[in-house]
Amino acid sequence: MNFFRGVMGGQAPGPQPSGAETIQRLCDRVASSTLLDDRRDAVRALKSLSKKYRVEVGSQAMDHLINILQTDRSDSEILGYALDTLYNIICNDEEEEQDENAQKQADDLGAQFTDRFIQDPEHVTLLLALLEEFDFHVRWPGVKLLTALLKNQGVQVQGIILVSPMGVSRLMDLLADSREVIRNDGLLLLQQLTKSNAAIQKIVAFENAFERLLDIITEEGSSDGGIVVEDCLLLLLNLLKNNSSNQNFFKEGSYIQRMKPWFEVGDDNSGWSAQKVTNLHLMLQLVRVMVSPVNSPGATASCQKAMYQCGLLQQLCTILMATGVPADILTETINTVAEVIRGSQVNQDYFSSVNAPSNPPRPAIVVLLMSMVNERQPFVLRCAVLYCFQCFLYKNKKGQGEIVATLLPSTIDANSISAGQLLCGGLFSADSLSNWCAAVALAHALQDNLTQKEQLLRVQLATSLGKPPVSLLQQCTNILSQGDKIVRRGSNVQTRVGLLILLCTWTSNCPIAVTHFLHNQENVPFLTAQISENLGEDERLVQGLCALLLGICIYYNDNSLENYTKEKLKQLIEKRIGKENFVEKLGFITKHELYSRAAQKPQPIFPSPEQMLFDHEFTKLVKELEGMITKAVHKSSEEEKKEEEVKKTLEQHDNIVTQYKELIREQDAQIQELKEQVSSASSQNEQMQVTITQQLSQIQQHKDQYNILKLKLGKENQSQGDGSQVNGLQTEELTQLRKEVEELRKEYTLLQTQLSGKDELINTLKAEGSVGGSDNTELLKELEALRSQVQSQIAEIDCMKTERQELLRRAEAGASNPVPDGDGWSDTAKIAELESRLAAQTTETERLKEEAKMSSESRVEMEQQHASATSTAAILQTENAKLQTDLQESKKEQDDLLMLLADQDHKILTLKKRLKDLGETVDDEDDLDARDQTDDDDEEEYYEDED
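Heads up: these notes are all about the structure in this document. Being a predicted model, the structure only gives us computed values, none of them experimental. (Residues numbered from 1 in each chain as written. Predicted model: local features only at pLDDT ≥ 70, side-chain atom pairs only at ≥ 80, totals over all residues. Heavy atoms only, no water.)

Assigned secondary structure in the protein chain consists of 40 helices and six strands. Looking at the 947 residues of the protein chain, the share that counts as buried comes to 43%. Looking at the protein chain as shown, the accessible area adds up to about 50300 Å², and 50% of this sits on carbon and sulfur atoms. (Helix = DSSP H or I, 4+ residues; strand = E, 2+ residues; numbered from the N terminus. Buried < 20%, exposed > 50% of the residue type's maximum accessible area, 1.4 Å probe, protein only. Areas by Shrake-Rupley, 256 points an atom, 1.4 Å probe, with all protein chains shown as cover.)

Printed below as a string of structure tokens:
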């Protein structure tokens, strides 16, 4: 206990141990103690001594602390103490009171301890595993320790994390921690992790980093947020800068659209906090990263398009024209707008239509140029406006024409200030920086645009009252020749360099401008004098530019001026300057220290106004022209003549080749067109062949159907002869079909005739049926009469039988009682008479019965005939109806076939016409018939000859 009392603040009697001894004892306790509480107390004591005795604790305790991290994972408190101790050992605290040497020693010490810690990559892997602990006392010091390791040895630690399974994913989970302290330190950790490592940047981006960071920025209040927003923006810059894959992922994820609300500003923009200015500055830099000129042109163009479509460019232009915006934000906004519109025709057109909220409204370009030529404006702001103007004119021939048009006499408006007037005013002002900026801006209006170079030669300037106007080209050379005679604010060298840049750009690749320049007799002597003089160090650049201008006058000379042909100018250089001296002076341009700086990036960035001498586009022109001018100057007159002859020959050959090329192009175009026509005709022909095949199959089907119909009707199909084939279609088949139609017509007529006969037969049978009915009635009447007659005779016979019975009874009675003979005879006679009459009646009755029987049989026979006639009539009616139905169907099919034949004839005619148009030989049917007739005649003659 005395030991801990001495460490923790109590005073033990006797001599006190040194710090190294105390740390050694604590390390022994950490290594040897079996109780967790003892080890925890020892580690806590080491933590308290780690800042004061950083070297001792680091050298003696680091291994023990790492062992604690490995073995005591179950106790979060001792883990937290160990991580804090390691952080104090490795972290380099930047204290203001430390001098540079002490800070350098501390940095070296932190790097040494970091190297010792990461000697075993498993230590970093162990630390990553500890970050998964949710306990605040473990996770937070773990984040701080890993951040310190990345600060000291970033590349090595990045490599270990990159190969560690799920290493980056574990660190990305820190952004989702609900404790803001851990989340915010996690942002700092990811900033260090993603520095200059494209592989880790891609992994972090694909771990949904953009979504999480933009959500945090929105939650924290966007530009009005605090330091957390700044950290998120710095991390986004790390992920996107010089990483085309992440930039494409950012664009494809529609995250550019989520940047628009960042730049919404109100009417009152005064009183911005320093943090808001910082945040907005980083947001503008983020936009610039997406459209930077160093990116690939395709990626930049797609981002520019997205920014215009989502309204981000419009929002930036609103900030540009707003009042009360801080100067550094306004400057960065101008630079951002410049790169958003650079090389994008749509964005450039929109920018040219933006007006400032003034009365009357002025174009934004005019307002910006007013700031550029105003010497009271900040230098960085003027540079930004120049860069914006250059980007507006970059690959924008339409914009170049609009700027040059404001200088032409026909378009000048005296009541308004134009861009051309401002450029001319800056070009001839007393401020050297305004001269240079205006000259370079006007040079960009002529860049790679021969038309505008020639148009600018028309510009006339009024110098003073009573004097005739002079051309803009002449005025520039006048100011250039006056040199130090004009008192200016700033550097005269800067003014002359700007004018020479303008003249070199103007005359390059423009023989007409060279002729106008040489037409002034004072220009060439001035240039030769400037080049030949031995001037100071500051004037060397002017000499080099004069040599470049004179070389342009040689190279692009069309020899239209007799006194200043190519040969005479070269002779002049050789006599007054010397070729070697001329080439040496020409080389002063590229050897200048500011040349290489300007050649790196399009944006003009200079530490001071005096160093603003070169333009990026002009450096590319110098690089292109220097070698050509050197060769042109060293060529002798004979070589020049030979070269001229060769050039003329080459031109002739080129003209011939060009003519042949044009002819070949035309022929190629014609061949291609003919190929397309042949291909189209072939495809059409194939389609037609398919169509014809289909039509043939359909015709065959119809023929089969009609054959079946003819078989049903008992007709035989006529044989088909072989005919000639016209374009894949048998003409004989068409003829056969026509014959079949004619046969169907005849069959139709025959059916109609048969139908009429059947109708007559039915009518006859009906008439006979009615006659038979009347005969039956008469027979019935006769039969009834006979029956009544038979009945009366039967009654009479019965009566006679009764009388006979009566007579017999009397006769019997008379036998028993005899009577006289007279009465007996009379009775016998009477009986005989009755018997004869009875026999006659019986015979008559039999005869009548026979007649009745015959009448009945006749009646039955008549009834049978009537029934047979009726059934025959019904059968005929059924057959008539069936024939009518068949006739209608035949007529319908006949009509369909006629329509099909008509359609087929039309298609055949169309196909023949198309084949004739394509140059194919097609025989008409008449020709074929005539040919067949001729063949038949020949055959007949042949057979006759044989006979």
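Okay, back to it.
Spanning 14 residues, helix α14 (residues 227-240) covers 20 Å between terminal C-alpha atoms, matching the ideal 20 Å at 1.5 Å per step. With respect to burial, α14 is a largely interior element, eleven of its 14 residues being buried. Packing partners of the buried residues in α14 comprise α11 (180-193), α12 (198-206), α13 (209-219), α15 (244-252) and α16 (274-290). Immediately beyond the C-terminal end of α14, within one or two residues, lies Asn242, with a positive phi of roughly 60 degrees. (Expected span 1.5 Å × (residues − 1). Contact = heavy atoms within 4.5 Å.)

Grouped together as the largest cluster of nonpolar side chains are 209 residues, with contacts concentrated most on Leu146, Ile161, Leu171, Phe263, Phe351, Leu472 and Leu548. Here the element with the most residues in this core is helix α22 (residues 379-393); it accounts for twelve residues. In contact with Leu171, other than residues within four places in its own chain, are Leu128, Leu131, Leu146, Ile161, Leu189, Leu190 and Leu193. Tyr706, Leu709, Leu897 and Leu901 belong to the second largest nonpolar core, which has five residues in total. (Core = buried A, V, L, I, M, F, W, Y, C linked by side-chain atoms within 4.5 Å.)

For the rest of this paragraph, the subject is a negative patch on the surface. Taken together, the side chains of Glu846, Glu850, Glu857 and Glu861 define an acidic patch exposed on the protein surface. For Glu861, a relative accessible area of 46% gives the class partly exposed. (Patch = residues over 30% accessible without salt bridge, like charges linked within 9 Å, V, L, I, M, F, W, Y side chains within 5 Å. Salt bridge = Lys/Arg side-chain N within 4 Å of Asp/Glu carboxyl O. Lys, Arg positive; Asp, Glu negative; His and termini not counted. Charge placed at Lys NZ, Arg CZ, Asp CG, Glu CD.)

This paragraph deals with the packing of aromatic side chains. If you walk through the whole model with that rule in mind, you get twelve aromatic pairs. Here Tyr308 and Tyr350 contribute two aromatic rings whose centre-to-centre distance is 5.8 Å and whose plane-to-plane angle is 65 degrees, an arrangement assigned as edge-to-face. Of this pair, Tyr308 sits in helix α17 (residues 297-309) while Tyr350 sits in helix α20 (residues 345-353), placing them 42 residues apart in sequence. Taking the centre distance of 5.0 Å and the plane angle of 85 degrees together, the rings of Tyr555 and Tyr556 count as edge-to-face. Residue class for Tyr555 comes out partly exposed when judged on its relative accessible area of 33%. The class of Tyr556 is buried, set by a relative accessible area of 14%. Here a set of aromatic residues connected by ring pairs shows up, and it is made of Phe206, Phe210, Phe249, Phe250 and Tyr255. It is Lys144 that lies over the ring of Tyr87; its NZ or CZ is 5.1 Å from the centre. It is Arg179 that lies over the ring of Phe134; its NZ or CZ is 3.9 Å from the centre. (Phe/Tyr/Trp six-rings, centres within 6.5 Å; stacked < 30°, edge-to-face > 60°. Lys NZ or Arg CZ within 6 Å of the ring centre and 35° of its normal.)

Take the packing of α20 against α22 next. Where α20 meets α22, the closest approach of the two axes is 9 Å, and the angle between their N-to-C directions is 125 degrees. Between α20 and α22, the crossing angle belongs to the class labelled oblique. Touching Gln348, Phe351 and Ser352 of α20 are Cys388, Cys391 and Phe392, all from α22. Tallied by class, residues from the contact of α20 with α22 come to four nonpolar, two polar and no charged. (Axes fitted to C-alpha atoms, helices over the stretch in contact; angles between N-to-C directions. Parallel < 35°, antiparallel > 145°, perpendicular 65-115°, else oblique. Nonpolar A, V, L, I, M, F, W, Y, C, P; charged D, E, K, R; others polar.)

Moving on, we come to the packing of helix α19 (residues 327-341) against α20. In a packed pair of helices, the relevant descriptors are the angle between the two axes and the axis-to-axis distance. Following both chains from N to C, one finds α19 and α20 inclined at 135 degrees, their axes separated by 8 Å at the closest point. Put simply, α19 runs oblique to α20. Across the interface between the two elements, Val337, Val340 and Ile341 of α19 pack against Asn347, Gln348 and Phe351 of α20.

A few words on a nonpolar patch on the surface. Taken together, Ile656, Tyr660, Leu663 and Ile664 make up a surface patch of nonpolar side chains, about 370 Å² in accessible area. You can see Tyr660 is positioned in helix α37 (residues 637-712).

For the rest of this paragraph, the subject is the pattern of salt bridges. Following the criterion strictly, the structure yields 22 salt bridges and no others. With a closest N to O distance of 3.1 Å, Arg39 and Asp72 form a salt bridge. Separated by 33 residues along the polypeptide, Arg39 in helix α3 (residues 36-49) and Asp72 in the loop between α4 (54-71) and α5 (76-90) bring together distant segments of the chain. Relative accessible area serves as the criterion here: at 14%, Arg39 is assigned to the buried category.

This next bit is on the side chain of Thr515. Residue placement: Thr515 occurs in helix α29 (residues 511-519). At 3.3 Å, the side chain of Thr515 forms a polar contact with the side chain of Ser560. Setting aside its immediate chain neighbours within four residues, Thr515 contacts Asp558, Ser560 and Leu561. (Polar contact = N/O pair within 3.5 Å; in protein donor to acceptor, adjacent residues only side chain to side chain.)

To continue, consider the environment of Gly551. Looking at the secondary structure, you find Gly551 in helix α31 (residues 540-555). Accessibility expressed as a relative area gives 1% for Gly551, which makes it buried. Separated by 82 residues in sequence, Gly551 and Val633 place their C-alpha atoms 7.5 Å apart. Apart from the residues within four sequence positions on either side, Gly551 is in contact with Phe582 and Ile629.

Quick look at the side chain of Asn243 now. Among the structural elements, Asn243 can be located in the loop between α14 and α15. For Asn243, a relative accessible area of 3% puts it in the buried group.

A few words on α17. Taking 1.5 Å of rise per residue, 13 residues should cover 18 Å, and α17 covers 18 Å from first to last C-alpha, within 8% of that figure. Among all positions in α17, only Thr300, Cys303, Gln304, Ala306 and Met307 are buried. In an axial view of α17, the angular spread of the buried residues amounts to 165 degrees, which keeps them on one side of the axis. Exposed positions of α17 whose direction lies more than 90 degrees from the buried face are Pro297, Lys305 and Gln309. Those residues of α17 that are buried are in contact with α15, α16, α18 (312-321), α19 and α20. Gly311 occupies a position one or two residues after α17 and carries a positive phi of about 90 degrees. (Arc of directions from axis to C-beta.)

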